[in-house]
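# Structural description and commentary
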Amino acid sequence: MPAGPGSQPVDSLAQGGVLRRASSDTIVAPATPPGVGAIGVVRLSGPDAIRIARSVFRPSSGTFPSREDTHRLVHGHVVDSAGEIVDEVMLAAMWSPRTFTREDTVEIDCHGGYATQRAVTRAVLAAGARAAEPGEFTRRAFLNGRIDLTQAEAVLAAVRAQSSLALRAAVRQLDGGLARRLKALRGVLLGVLAQLEVQIDFADEDPGDLDRDQATHAIEGVRLDLERLLTTAFVGRILDQGMRVAIIGRPNVGKSSLLNALAMRERAI
């Protein structure tokens, strides 16, 4: 998969202890980009997410949300290790497996702005979390079976989308459309493979003749479907990355007018 934001190749994720670390650490990172805004979101995920959130969050009334209150917003304040109020926030505690990573997850909605998000993140880090690596939330969602590789790729595509067409394509892929098509094609090939293996492994027991025409037709159908998918992949790359086009011609033949017409604005004067 092209990297979901900052992710590593899948083989390396399942080796060298990375998978074990992903299941034992609790990570934290701002979920909104740096800058000035009304709201900033700081997200925790991992086995100690609830415990860490309890230690830094002071609800305005009542107690910390229980498992029965999962996914509900609660008003309160984040405090640092010295007990000083960092910010007034809304907090949502979300218990596994009904989360993006399938781990216990907490989202803290603080005031937007670089300093505020940094202060809230520091309070969480001091309470025992570690800073998430780029793309680690999506990586955990994949490792925990919440999404497959095509959906992990779609997360990045949706974030990068700069047009309604690109966003629509990413959402369809995120919903599992591509995965379902590939799974169906794989099923056809496995069916043909099973028939071939029966002919080989049980030749002495007269398993019946293999319908070669049917098997050939099935394989050819898969090949044609894969070719169509490759064509849509090229279109998807254009939607995601755009296309560089050179308009070449003699002077005063209308190159600028053509560019302005394509851009639907006075791009060239």
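The structure reproduced in this document is the subject of the present report. (Residues numbered from 1 in each chain as written. Predicted model: local features only at pLDDT ≥ 70, side-chain atom pairs only at ≥ 80, totals over all residues. Heavy atoms only, no water.)

Burial analysis of helix α5 (residues 136-143) places 7 of its 8 residues in the buried class, which makes it a mostly covered element. Taken as a whole, α5 has its buried residues at Glu136, Phe137, Thr138, Arg139, Arg140, Ala141 and Phe142. Just past α5, the residue glycine 145 takes up positive phi, approximately 80°. (Buried < 20%, exposed > 50% of the residue type's maximum accessible area, 1.4 Å probe, protein only. Helix = DSSP H or I, 4+ residues; strand = E, 2+ residues; numbered from the N terminus.)

Moving on, we come to unusual backbone geometry. Following serine 96, the chain continues into proline 97 via a peptide bond in cis, with omega recorded as 5°. Structurally, the position occupied by proline 97 is in the loop between β5 (85-94) and β6 (105-111). Not every positive phi belongs to a glycine, and histidine 71 is a case in point at roughly 70°. With respect to the secondary-structure elements, histidine 71 resides in the loop between β3 (57-59) and β4 (73-79). The backbone phi angle of arginine 102 is positive, close to 60°, even though this residue is not glycine.

Another aspect to go through is the pairing of strand β2 (residues 39-45). With 5 of its 7 residues buried, β2 lies for the most part within the structure. With 4 bridges connecting them, strand β1 (residues 27-30) and β2 associate as antiparallel partners. Its bridge partner lying in β2, proline 30 is registered against valine 42. Strand direction decides the pairing type here: β2 and β6, joined by 7 bridges, are antiparallel. The residue bridging glycine 40 from the neighbouring strand is cysteine 110, located in β6. (Pairing = 2+ DSSP bridges.)

That is the geometry; function is a separate question.
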